[in-house]
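Structural overview
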Amino acid sequence: MVEESAPPPPQAFAVTEAEPRVIPASEAEPPLPFRRARRNPAKRWTMIAAAAALLMIGATGALYWFGLPGWAQGLGIPGMADEPDLVIELPPNQDHRELPDGTIYFAASGVIINPTDREQRVPPILAELRDAQGTIVYSWTIKPPVRMLPPNEKVNFSEAKLDIPRRATQLTVSWALPKG
C-alpha cells in the first residue's frame, strides 16, 4: 500500500511591519442616512406590555379604593353604587282601576325627598307590583324626574302603566341601583 502524503501547508505571506494607513475623512465613506442602530422589537413590546399591565393594576386599585365616578354610575355601568340618602314617600292610595275597554290602568306616584344638607344624585326608581301573597307580578323602572336634587328639597314623580296583571294589589318602590 502506498500512502499518499498530505499536501504541504500553505505558506504564510510575509508581513512587514508597516505603519497603519490613516484614511483621511474626505476619502472615508459618508454614513448612510437610513441606517440606524439595530433595535430589538421584542424588548420594546415587552416594555409596552409591562407598562400597560401596571396602568391596569393601578386603575383597578383606584376603582376598588374610590369606587366608580359619578359619570360612570350615571351611564349605568355596573359597580359598587351606594344607596342614596334620599327618601321615597308613597301616598296610601295609588290610582288603580279598570278602564271601560277592560284594560287595567295603574298610576304610580310619590315624592322624592332629600333630607340631607348636600345635593344628591337621583337614581332611577324600581316600581314593583305585588299580589296578595307578596309575589312580584309586574315591575318597571321609572326615570327620575331630575338628575340632581338640591339639599332639603323634594320632587314629585308619576308614571302610569296599562295592561298590568289583574292580581296586582300593592306597589313597592326602591332604587334601581346596579348590582355590584
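This is a predicted model, so every value here is computed, not measured.

1. Remarks on the overall build of the protein
On a plain count of helices and strands, the protein comes out with two helices and nine strands. Along its sequence from the N terminus, the protein presents helices and strands in the succession α-α-β-β-β-β-β-β-β-β-β. Relative to its full complement of 180 residues, the protein shows a buried share of 22%. Nonlocal contacts in the protein, meaning residues at least 24 apart in sequence, comprise 68% of its contacts between residues at least 6 apart.

2. Brief notes about the pattern of salt bridges
This model, assessed by the stated rule, comprises six salt bridges. Here Asp85 makes a salt bridge to Arg118, at a shortest N to O gap of 2.7 Å. With Asp85 in the loop between helix H2 (70-74) and strand S1 (87-89) and Arg118 in the loop between strand S3 (104-113) and strand S4 (120-121), this pair connects stretches of sequence that are 33 residues apart. A relative accessible area of 44% places Arg118 in the partly exposed class. Two residues, Arg130 and Glu128, come together in a salt bridge whose shortest N-O distance is 2.9 Å.

3. As for the packing of aromatic side chains
Under the criterion given, the structure shown has one aromatic pair. On the numbers, 5.6 Å between centres and 50° between planes, the contact of Tyr138 with Trp140 is tilted. Since its relative accessible area comes to 25%, Tyr138 is described here as partly exposed.

4. Side note on helix H1 (residues 41-66)
Spanning 26 residues, H1 covers 37 Å between terminal C-alpha atoms, matching the ideal 38 Å at 1.5 Å per step. Two or three places before Ala42, at the opening of H1, Asn40 has a side-chain oxygen 3.2 Å from that residue's backbone nitrogen. Where H1 ends, the next residue or the one after it, Gly67, has phi of about 85°, a positive value.

5. Some remarks on the sheet that holds strand S5 (residues 125-130)
Judged by pairing direction, the sheet is antiparallel, and its three strands sit side by side in the order S6-S5-S9 without closing on themselves. Each edge of the sheet is formed by a strand with only one pairing partner; in this case those strands are strand S6 (136-142) and strand S9 (170-175). For this sheet, the mean angle separating the axes of adjacent strands, direction not counted, is 20°.

6. Description of the nonpolar core
Most often, soluble globular proteins have nonpolar side chains that are buried together. Among the nonpolar cores identified, the biggest contains 20 residues, and Phe106, Ile112, Leu129, Trp140, Ile142 and Trp175 are the most heavily contacted of them. Counting residues per element, the ones that place at least two in this core are S3, S5, S6, strand S8 (154-162) and S9. Looking at this core element by element, the count peaks at four residues for S3. In contact with Phe106, other than residues within four places in its own chain, are Gln94, Asp95, His96, Leu129, Trp140, Glu159, Ala160, Lys161, Ile164 and Leu171.

7. Some thoughts on the pairing of strand S2 (residues 95-98)
As judged from the four bridges shared by S2 and S3, these two strands associate in the antiparallel manner. The partner of His96 across the bridge, within S3, is Phe106. Between S2 and S3, which pair antiparallel in sequence order, lie five residues; one of them, Gly102, sits at a positive phi of approximately 100°.

8. Observations regarding the pairing of S3
Among the 10 residues of S3, nine are classified as buried, and the element is accordingly described as predominantly covered. As paired strands, S1 and S3 are joined by three bridges and run antiparallel to one another. The residue of S3 that forms the bridge with Ile88 is Ile112.

Procedures and definitions
Residues numbered from 1 in each chain as written. Predicted model: local features only at pLDDT ≥ 70, side-chain atom pairs only at ≥ 80, totals over all residues. Heavy atoms only, no water. Helix = DSSP H or I, 4+ residues; strand = E, 2+ residues; numbered from the N terminus. Buried < 20%, exposed > 50% of the residue type's maximum accessible area, 1.4 Å probe, protein only. Contact = heavy atoms within 4.5 Å. Salt bridge = Lys/Arg side-chain N within 4 Å of Asp/Glu carboxyl O. Phe/Tyr/Trp six-rings, centres within 6.5 Å; stacked < 30°, edge-to-face > 60°. Expected span 1.5 Å × (residues − 1). Polar contact = N/O pair within 3.5 Å; in protein donor to acceptor, adjacent residues only side chain to side chain. Pairing = 2+ DSSP bridges. Axes fitted to C-alpha atoms, helices over the stretch in contact; angles between N-to-C directions. Core = buried A, V, L, I, M, F, W, Y, C linked by side-chain atoms within 4.5 Å.

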